[in-house]
Amino acid sequence: MDNQRDRILDKAQGLIRRFGGAKTNVVDIAQAMGLSHSAIYRHFRSKAEIFDSLAARAMADETALAQTYVTKDAPAGERILGLMLALHRSKREKFAGDTEMHALYRRIVDDRPDLVLEYAARITAILRQILKDGVARGEFAVADLDAAAGVLRDAFTAFVHPAHVELAAKAGLDLEPGLIQMARVLLRGLAA
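The following paragraphs examine the structure supplied in this document. (Residues numbered from 1 in each chain as written. Predicted model: local features only at pLDDT ≥ 70, side-chain atom pairs only at ≥ 80, totals over all residues. Heavy atoms only, no water.)

1. What to know about the packing of helix 5 (residues 76-97) against helix 6 (residues 99-111)
Working step 1: The interhelical angle for the contact between helix 5 and helix 6, taken along N-to-C directions, is 120 degrees, at an axis separation of 5 Å. When the interaxial angle is binned, helix 5 and helix 6 end up oblique. For the pair helix 5 and helix 6, the contacting residues are Lys91, Lys94, Phe95, Ala96 and Gly97 in the first and Thr99, His102 and Tyr105 in the second.
Working step 2: Tallied by class, the residues present in the contact of helix 5 with helix 6 amount to three nonpolar, three polar and two charged. (Axes fitted to C-alpha atoms, helices over the stretch in contact; angles between N-to-C directions. Helix = DSSP H or I, 4+ residues; strand = E, 2+ residues; numbered from the N terminus. Parallel < 35°, antiparallel > 145°, perpendicular 65-115°, else oblique. Contact = heavy atoms within 4.5 Å. Nonpolar A, V, L, I, M, F, W, Y, C, P; charged D, E, K, R; others polar.)

Now the structure itself:
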């Protein structure tokens, strides 16, 4: 993170965690960095753009986490389940340990569907890669990889959607056993 844009995002994230998104503004970020607010505006047009960039960065981190399951040395079904669990745990940890950033992430779902669609497309492509490898290894019998990847993504969305994760956590529900059961049923349906 050697560029000014990343430093601005890091400082904004720290302020959001400390004071909340509603109480953090561009002037606060600039003051915390020892800059004028016009220096921030050279990199971001608005507070909303900073917040969108923070959410996009979190989505990129999750995509990178999911991508690690493409090349793991394990059966494809185990990698798909591992990917689903990793993303679910990531969202659960964000809610439990980083509530302000979780709230920012939830806002993106409503305000920036384009970012959500891009993220979903990246996760679907990763699932497709793992499925394709599973077919090549003889683990899966899948005629339409795109459809199968889309079904897997849609099926586990309830376990990673920020609103669902938040509601379950507030109700004291552990979604992980249900996620494991759902994944196993789907993966059995794809088995060769």
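There's plenty left to go through after this.
2. With respect to the packing of aromatic side chains
Working step 1: Under the counting rule described, the total for this entry stands at zero aromatic pairs.
Working step 2: One residue, lysine 72, lies across the ring of tyrosine 69, its end atom 5.0 Å from the ring centre. (Phe/Tyr/Trp six-rings, centres within 6.5 Å; stacked < 30°, edge-to-face > 60°. Lys NZ or Arg CZ within 6 Å of the ring centre and 35° of its normal.)

3. Points about the layout of surface pockets
Working step 1: Reported here for the largest pocket is a volume of approximately 260 Å³.
Working step 2: Considering the residues around the largest pocket, the lining is formed by 15 residues, among which Val116, Tyr119, Ala120, Thr157 and Val160 are closest to the centre.
Working step 3: When residues of the lining of the largest pocket are traced back to their parent elements, those giving at least two are helix 5, helix 6, helix 7 (113-136) and helix 8 (145-160).
Working step 4: Counted by class, the lining of the largest pocket contains eleven nonpolar, two polar and two charged residues.
Working step 5: What the second largest pocket holds in volume is close to 190 Å³.
Working step 6: The wall of the second largest pocket is formed by twelve residues, among which Gln13, Arg17, Ala58, Lys94 and Met101 lie closest to the centre.
Working step 7: Contributing elements (two or more residues each) for the lining of the second largest pocket: helix 1 (4-19), helix 4 (47-67) and helix 6.
Working step 8: Top contributing element to the lining of the second largest pocket by residue count: helix 4, with five residues.
Working step 9: Across the lining of the second largest pocket, the residue classes tally to six nonpolar, one polar and five charged. (1 Å grid on protein atoms, 1.4 Å probe; cavity = no way out; pocket = protein on both sides within 12 Å on 5 of 7 lines; lining within 4 Å. Points joined across faces, edges and corners; volume = space filled by probe spheres on them.)

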